[in-house]
Amino acid sequence: DQQVKQNSPSLSVQEGRISILNCDYTNSMFDYFLWYKKYPAEGPTFLISISSIKDKNEDGRFTVFLNKSAKHLSLHIVPSQPGDSAVYFCAATSGNQFYFGTGTSLTVIP
Amino acid sequence: KAGVTQTPRYLIKTRGQQVTLSCSPISGHRSVSWYQQTPGQGLQFLFEYFSETQRNKGNFPGRFSGRQFSNSRSEMNVSTLELGDSALYLCASSLVGRYYGYTFGSGTRLTVV
């Protein structure tokens, strides 16, 4: 039972444009959400997080939006850079266990 | 400071064999979690250990087991290997408290032939 879903396996974006990665969840008890970035042959690294009491969190070029009524969160990267090319995982938690999505592979085209 | 260290990085085993993977967390991190990553399945939670006790367990068969030592190092064991066990196994450690998130190791790539 996939409680966190990333329905787009891949996304291609031109350098300098906006990248929008989407994530849906089913468990209304989730109250903390995170995005991780993964390069090949490396473990995922933490990117940005958001608590359910907020609807937006920004860190430099990265902004995460949370829509609790729709059980949807998104990651915006502006402007996109070739170094952003990686697999992005969203994750959610309501306790000690984190649930991850299946990942979206982002390719930023120079 | 040193990150999460997983050994070995790569492993090739034959069906029916067993395997043990090791994870050394960041110093001070007492929680260690294990995930299996396969194409199309994302990161599937195996189990979490905290202070030598299994605190959470995912939906994997009993062939998958783990343990944590007093120094927080953790091992994961898979017995009677199947071809479908081929995957990247990731270990993640965290401070007490979920808001810190995880720090992942680079993983062990297991291939079962």
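Residues numbered from 1 in each chain as written. Chains lettered and ligands numbered in written order. Predicted model: local features only at pLDDT ≥ 70, side-chain atom pairs only at ≥ 80, totals over all residues. Heavy atoms only, no water.

Peer 1: For the overall build of chain B, give the residues involved together with the corresponding values.
Peer 2: Looking only at helices and strands, chain B features 0 helices and 11 strands. The C-alpha radius of gyration of chain B comes to 13 Å, within 12% of the 13 Å expected for a compact globule of 113 residues. Dimensions of chain B, computed from C-alpha atoms along their principal axes, come out at roughly 40 × 30 × 25 Å. Counting all 113 residues of chain B, 50% fall into the buried class. Nonlocal contacts in chain B, meaning residues at least 24 apart in sequence, comprise 53% of its contacts between residues at least 6 apart. Summed over its atoms, the accessible surface of chain B is roughly 5,400 Å², and 48% of this surface lies on carbon and sulfur atoms. For chain B, the distance from the average site of its 12 positive side-chain charges to the average site of its 5 negative ones is 5 Å. (Helix = DSSP H or I, 4+ residues; strand = E, 2+ residues; numbered from the N terminus. Rg over C-alpha atoms; globule rule 2.2 N^0.38 Å. Buried < 20%, exposed > 50% of the residue type's maximum accessible area, 1.4 Å probe, protein only. Contact = heavy atoms within 4.5 Å. Areas by Shrake-Rupley, 256 points an atom, 1.4 Å probe, with all protein chains shown as cover. Lys, Arg positive; Asp, Glu negative; His and termini not counted. Charge placed at Lys NZ, Arg CZ, Asp CG, Glu CD.)

Peer 1: Any details on the nonpolar core? Residues and values, ideally.
Peer 2: Residue and element names in this part refer to chain A. Formed by 23 residues in total, the largest nonpolar core has its most connected members in F33, W35, L73, L75 and Y88. Elements with a minimum of two residues in this core: β3 (19-25), β4 (32-38), β5 (45-51), β7 (62-67), β8 (72-77), β9 (86-93) and β11 (104-109). The leading source of residues in this core is β9, at 4 residues. With sequence-adjacent residues up to four places away left out, F33 is seen in contact with Y25, I48, S49, I50, S52, L66, L73, A91 and A92. (Core = buried A, V, L, I, M, F, W, Y, C linked by side-chain atoms within 4.5 Å.)

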